[in-house]
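Close look at the chain arrangement
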Amino acid sequence: MSTSEARPATVIASEDVDAVRPRLTFFKVMAFVVGVGLLVLVVEMVLSYGFGMKGEANPLHWWPQPHGFIYMVYLVATAVLGFKVGWSLPRMVLVMLAGCVPFLSFWVERRVAGEVGAGLRAARQ
C-alpha cells in the first residue's frame with residue numbers, strides 16, 4: 001500500500017502550490033538533518049553514559065547544544081508546513097515529536113512527503 005493510499009492526500013488549493021513546495025522541501029531537509037543529528041546524539045550519550053567518557057574525553061561532548069538548535073529549526077519547518085497545508089495542532093505536535101525518536105523522523109518524513117506530494121499533484125490537475 002502506498003503512502004497516498006494509507007491516508008488521504010492533503011487538500012491543497014491550486015493557488016497555494018507555489019507556496020507549499022518550498023515549505024515541503026524545507027521540512028524534508030530538516031527532518032533528515034534532525035534524524036541524523038539525533039543518531040549522533042545517541043552516540044554521544046552512549047560514549048558519555050555507557051563508556052564514562054565525560055567532558056573533553058568525549059569527542060562529541062559539543063554536540064547536544066547544536067542538536068537542540070537544529071531540533072528547534074525542525075519545529076519551525078514543521079509548523080510552517082503544517083499551517084500552510086491546514087494540519088490540526090495535534091497532528092503538527094505528533095510530527096514534531098517524531099524528531100525525538102531515533103529513526104522515526106525518517107519514516108514520518110516519507111509519510112508527510114508522500115501525502116503532501118499527492119496533494120500538490122492533485123492541485124496541479
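Here's what I pulled together on the structure shown here. (Residues numbered from 1 in each chain as written. Predicted model: local features only at pLDDT ≥ 70, side-chain atom pairs only at ≥ 80, totals over all residues. Heavy atoms only, no water.)

Remarks on the pattern of salt bridges
Close approach of charged atoms allows side chains with opposite charge to pair. Basically, it comes down to this: Salt bridges are counted wherever a side-chain nitrogen of Lys or Arg sits within 4 Å of a carboxyl oxygen of Asp or Glu. Elements are defined by DSSP. Helices are runs of H or I of four residues or more, strands are runs of E of two residues or more, and each kind is numbered from the N terminus. Three labels apply to residues, based on accessible area from a 1.4 Å probe with only protein chains included: buried if under 20% of the type maximum, exposed if over 50%, partly exposed otherwise in between.
This structure, assessed with the given rule, holds four salt bridges. When the shortest N-O distance is used, the salt bridge between Arg21 and Asp18 registers 3.6 Å. With Arg21 and Asp18 both in helix 2 (residues 17–50), this residue pair falls three residues apart, about one helical turn. Classification of Arg21 by relative accessible area gives partly exposed; the value is 34%. A salt bridge links Glu115 to Arg91; the shortest N-O distance between them is 2.8 Å. With Glu115 in helix 5 (residues 104–124) and Arg91 in helix 4 (residues 89–97), this pair connects stretches of sequence that are 24 residues apart.

Some thoughts on helix 3 (residues 64–85)
Applicable threshold: Expected helix span is computed as 1.5 Å times (number of residues minus one). Any two residues whose heavy atoms approach within 4.5 Å at even a single point are treated as in contact.
When the terminal C-alpha atoms of helix 3 are compared, their 31 Å separation across 22 residues agrees well with the 32 Å that a helix rising 1.5 Å per residue should span. Within helix 3, the full set of buried residues consists of His67, Ile70, Tyr71, Tyr74, Ala77, Thr78, Ala79, Leu81, Gly82 and Val85. Where helix 3 is buried, its residues touch helix 2, helix 4 and helix 5. Just past helix 3, the residue Gly86 takes up positive phi, approximately 85 degrees.

By themselves, these figures tell us nothing about what the structure is for.
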